[in-house]
Amino acid sequence: MLQPWVHEPRLDEEGRVRALHRHLLNEEPDPEYDAIVQLASAICETPISLLTLVDRDRLRFKAKVGLPRILQDERTDSFCSHVIEQEELFLIEDALADPRFRDNTRVRGEPHIRFYAGTPLRTEEGYRIGVLCVIDHVPRRLSPLQLRTLEHLGRQIETHFRLRLQLLQAQERNVELEQARSRLHAINESLQAEIVERHRVERELRSQGAVLSTVLAHMPHSVFWKDREGTFLGCNNAFAQQVGRASPAGIIGRKDQDLGFPPEQVEAYRRDDRAVMDSGRPILDIEEPFRVGGGPERWLLTSKVPLKDLDGKVWSVLGIFADITERREQEATLQQALSKAELYAARMESVVYEARARTRRLMEASLDAVFVLDSEGRVLEANPVARRLLGMEAEQLLGRPFDSLAPESDRASLRRALGELRPQGSVRLDDQSLLTATGGRLAVQLLGSVQDEGEALRLLIVVHDLTERRRLEQQGIQNDRLAAMGVLAAGIAHEINNPTAYVLSNLDYLRQWREELEQHLASLPELPASLKEGLAETRQLLADCIDGCARIQDIVRGMRHLSHQGHAEEQTLVDVHTTLDSVLNISQGELKHTARLEKDYAPDLPLILGSEGRLGQVFLNLIVNAIQAMRPGNARDNRLRVRTRADEHHIRIDISDTGHGIPKEALPHIFDPFFTTKPAGVGTGLGLSISYAIIQKMGGEMRVETQVGQGTTFSLLLPIHHEASPV
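Notes on the structure follow. Being a predicted model, the structure only gives us computed values, none of them experimental. (Residues numbered from 1 in each chain as written. Predicted model: local features only at pLDDT ≥ 70, side-chain atom pairs only at ≥ 80, totals over all residues. Heavy atoms only, no water.)

The next subject is the overall build of the protein chain. On a plain count of helices and strands, the protein chain comes out with 16 helices and 23 strands. Out of the 727 residues belonging to the protein chain, those deemed buried represent 42%. Long-range pairs, those at least 24 residues apart, make up 60% of the contacts in the protein chain between residues at least 6 apart in sequence. With an accessible surface of roughly 39,500 Å², the protein chain has 52% of that area assigned to carbon and sulfur atoms. (Helix = DSSP H or I, 4+ residues; strand = E, 2+ residues; numbered from the N terminus. Buried < 20%, exposed > 50% of the residue type's maximum accessible area, 1.4 Å probe, protein only. Contact = heavy atoms within 4.5 Å. Areas by Shrake-Rupley, 256 points an atom, 1.4 Å probe, with all protein chains shown as cover.)

Dropping the structure here:
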């Protein structure tokens, strides 16, 4: 019976219009929309059928049958405005008999609407943005089947809207990935330029180091440098000869008191050394006495300067002196030599600091993981992206062989690539795997180059993470396949259901007719034995046919149940036993050749709140995996057991098989995307990952117990909906 229409205020009209304009208004004409509208007109037997998008002030016809010259219309007083303000199908069987529409311009004038039926079209967020309607010029009524079909066609259009939106979003993500790839390319080019510059600086440093060594070796003045404890770290030949040693080797590691200086000189030397290192400022032109052992006292003109590390901290003091007892005239030469030594030392420190700081900044700013390895392939440095990507601290990475970060199966190729990197200077691996600290597998692209730091050889490895892109690509393919199979299964189920219904009805009629015939023949004289046997055989044949058709109907109901095209995230009260039975019916064809089915259902199992279609997908994944784990053709020896139980807060579903089990080393990774123990070409490695995510989203847990050679049990724990009544 038609319900009176009650006007409701427009809820979030701005959000609804934004959802409409976001993608749908700008679409090109789509033959699939035309096909659905034509199908609605044919099924409902109306001359006009429209797919209308309701804008703020106008109606825009996306597809239509009838009204060939009209592309859009005013929204004011339109039937569509009424449709989008309610949840269910809107039906007017005679507009002239309805006080709301008898004076409407579209009823009194073109297109002379007398009959109207429309179902609202919703976006994934729930906004009602359009209407699928059928119109006639005369009053009429639609059958319940026609009304349900009109609503189902509306849901197909909603599914098409979501698929178009997902396609556009995927295209936008591809554009973002391409932009990110361009930025990465620019950063890599910048990094290569910095590497070239670093090579140039290193060559210059080596050249300057050779010059400095030559200067120290041939300088006529004594040069030395000490650490904070007063220990000599080095000197030139002139200093060694001045203190009575054959070479600098006899000086390194010793202190002033070990060289025979008097205590007062030792104290004066240490005082000056500490003053230079504590203040960070040089002390120049110190005139001080000098005596070794029992030799004569001489006078030196000494200067001392601090040496700093990359952080600017003083770690050593450099001293240079000349014997001014006999050669005071050498004072100018000493000063010049000291200035030159200071210039080379400062320049060397500055160049080294800038080169290393530049490399460190590049590593810190890189969007990719960057590793610096020594010549043996051990990790010397790792940038923050590398540590975050692998989930490891710097202490866990430093000193570790880089190839140990790869799975065992991929280490040989990584070692080979590192071996080729040293003679070739660069290497690239487009399909490499690395392991995280938790055992997860990453798909990466690896670029390597050789860095020459003087006598030390360094390997620079840049790692680009491809895991998310690969996962999205594979999951998109899987989702497309599942959606296509769902639509196909729903269509097949619908086509099978109708002929099965009338075949079953006819068989039941034949059974009743045969019983009446048998009663009639019983009153006749003795029948031939062959006719009696035929009647008995006919009874059994009809019973078998009726049982077979009932089985087909059970399977069809299961297929339609699992392929139901509702909202993917719709939360409803779910009967777990009904969903399990639907999946088991669908799987029966494969199961009966593989294993015996044992069902141990708990009585009065409570309902749960969740997505019935998603839960059916999880059950189907687990049952198919269990069937594949058991050897086919051995149904007596194999067993598939489905058990349900409930406690105060949860229901538990156990799906057990007697298959080959899961190896211990594979168990930590079975819920990882793309991980599979099946042969190549069998499965994508996404089934358990997707199932695990679905159960978590429903607030539940998925557990597994397995023993190699004896079987596996997957357990699902789902929260009970306490307001629901027991099944």
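This part covers unusual backbone geometry. A cis geometry characterises the amide bond from E110 onward to P111, with omega recorded as 5 degrees. With respect to the secondary-structure elements, P111 resides in the loop between α4 (105–108) and β5 (115–122). In this model, D604 sits at a positive phi of 55 degrees, which is unusual for a non-glycine residue. Positionally, D604 belongs in the loop between β18 (596–600) and β19 (608–610). The exposed category is assigned to D604, whose relative accessible area is 57%.

Once that is clear, we can look at the nonpolar core. A general tendency of soluble globular proteins is for nonpolar side chains to be buried together. In terms of nonpolar packing, the biggest core is built from 36 residues, with V576, L615, F619 and I653 touching the most fellow members. Sorting the residues of this core by element identifies α14 (576–591), α15 (612–629), β20 (639–646), β21 (650–657), α16 (687–697) and β23 (711–719) as the ones contributing at least two each. Those residues in contact with I653 that sit more than four places away from it in its chain are V576, L580, F619, R643, T644, F714, S715, L716 and L718. F371, L429, V444 and V463 belong to the second largest nonpolar core, which has 28 residues in total. (Core = buried A, V, L, I, M, F, W, Y, C linked by side-chain atoms within 4.5 Å.)

The next point concerns the packing of aromatic side chains. When we look at a pair of aromatic rings, we describe it by the centre distance and by the angle of the planes. Summed over all chains, the structure comprises 12 aromatic pairs. Measuring from ring centre to ring centre gives 5.5 Å for F232 and F239, while their planes differ by 40 degrees; the resulting arrangement is tilted. For the pair formed by F232 and F239, the shared burial category is buried. On the numbers, 5.1 Å between centres and 65 degrees between planes, the contact of F371 with F402 is edge-to-face. (Phe/Tyr/Trp six-rings, centres within 6.5 Å; stacked < 30°, edge-to-face > 60°.)

Moving on, we get to the sheet that holds strand β4 (residues 90–92). What the six strands build is an open sheet, ordered β3-β2-β1-β6-β5-β4; its pairing is antiparallel. Each edge of the open sheet is held by one strand with a lone partner, namely β3 (72–74) and β4. Averaged over all adjacent pairs, the angle separating strand axes in this sheet is 25 degrees, with direction ignored. Here β4 runs beside β5; their pairing, made up of three bridges, is antiparallel. Residue pairing in the sheet places I92 in a bridge with Y116 of β5. (Pairing = 2+ DSSP bridges. Axes fitted to C-alpha atoms, helices over the stretch in contact; angles between N-to-C directions.)

Compared with an ideal rise of 1.5 Å per residue, which puts 18 residues at 26 Å, α15 spans 26 Å between its outermost C-alpha atoms and is within 8% of the ideal. Within the sequence span of α15, burial applies to L615, G616, Q617, V618, F619, L622, I623, A626, I627 and A629. (Expected span 1.5 Å × (residues − 1).)

Turning to the pattern of salt bridges, a few remarks are in order. Summed over all chains, the structure comprises 36 salt bridges. A salt bridge links R181 to E178; the nearest nitrogen and oxygen atoms lie 2.3 Å apart. Note that R181 and E178 are positioned in helix α5 (residues 144–218) at a spacing of three residues, about one turn of the helix. With relative accessibility at 44%, the residue E178 sits in the partly exposed group. The shortest N-O distance in the salt bridge between D273 and K304 comes to 2.6 Å. Placement of D273 in helix α7 (residues 263–279) and of K304 in strand β10 (residues 298–308) is noted, with a sequence separation of 31 residues between them. The burial state of D273 is the same as that of K304; both residues are buried. (Salt bridge = Lys/Arg side-chain N within 4 Å of Asp/Glu carboxyl O.)

The buried fraction of strand β12 (residues 369–373) amounts to five of the five residues, a majority that puts the element mostly inside the structure. Of the two faces of β12, both are covered, the one formed by A369, F371 and L373 as well as the one formed by V370 and V372. Where β12 lies against strand β16 (residues 456–465), five bridges are found, and the strand directions are antiparallel. Pairing of F371 across the sheet is with I461, part of β16. The hairpin turn running from β12 into strand β13 (residues 379–382), its antiparallel successor, is five residues long, and G377 in that turn takes a positive phi close to 85 degrees.

What follows is about the state of the cysteines. Counted under the stated rule, the structure contains zero disulfides. No disulfide involves C80; its nearest neighbouring cysteine sulfur is the one of C133, lying 5.1 Å away. (Disulfide = S-S within 2.5 Å.)

Close contact between α14 and α15 brings their axes to 9 Å; oriented N to C, the two are set at 35 degrees. As for the relative orientation of α14 and α15, their crossing is right-handed in sense. Residue-level contacts link V576, T579, L580, V583, L584, S587, E590 and L591 of α14 to E612, L615, G616, F619, L620, I623 and I627 of α15. For the contact of α14 with α15, the per-class residue count stands at 10 nonpolar, three polar and two charged. (Left-handed = near helix turned anticlockwise from the far one by under 90°. Nonpolar A, V, L, I, M, F, W, Y, C, P; charged D, E, K, R; others polar.)

Pairing of β18 with β20, which is carried by five bridges, proceeds in the parallel orientation. Within the sheet, the bridge partner assigned to E598 lies in β20 and is R641. Two elements, β20 and β21, share seven bridges in a ladder whose sense is antiparallel. Its bridge partner lying in β21, T644 is registered against I653. Counting the residues in the hairpin turn of β20 and β21 gives three residues.

With antiparallel pairing, five strands are arranged side by side in an open sheet as β8-β7-β11-β10-β9. Edge positions in the open sheet fall to β8 (232–235) and β9 (283–290), since each of these has one partner strand only. Averaged over all pairs of adjacent strands, the angle between their axes in this sheet comes to 25 degrees, without regard to strand direction. The pairing of β9 with β10 spans six bridges and is antiparallel. Among the inter-strand pairings, P289 is bridged to a residue of β10, identified as W299. Contacting β7 (222–226), β9, β10 and β11 (314–323), α7 runs over the sheet at an angle of about 170 degrees to β9.

Before going further, it helps to examine α7. For α7, with 17 residues, the first-to-last C-alpha span of 24 Å sits near the 24 Å given by 1.5 Å per residue. Turning to α7, its buried residues are Q265, V266, A268, Y269, R270, D272, D273, V276 and M277. Looking at the packing, one finds that the buried side of α7 touches β7, β9, β10 and β11. Two residues or fewer past α7, G280 is found with a positive phi of approximately 75 degrees.

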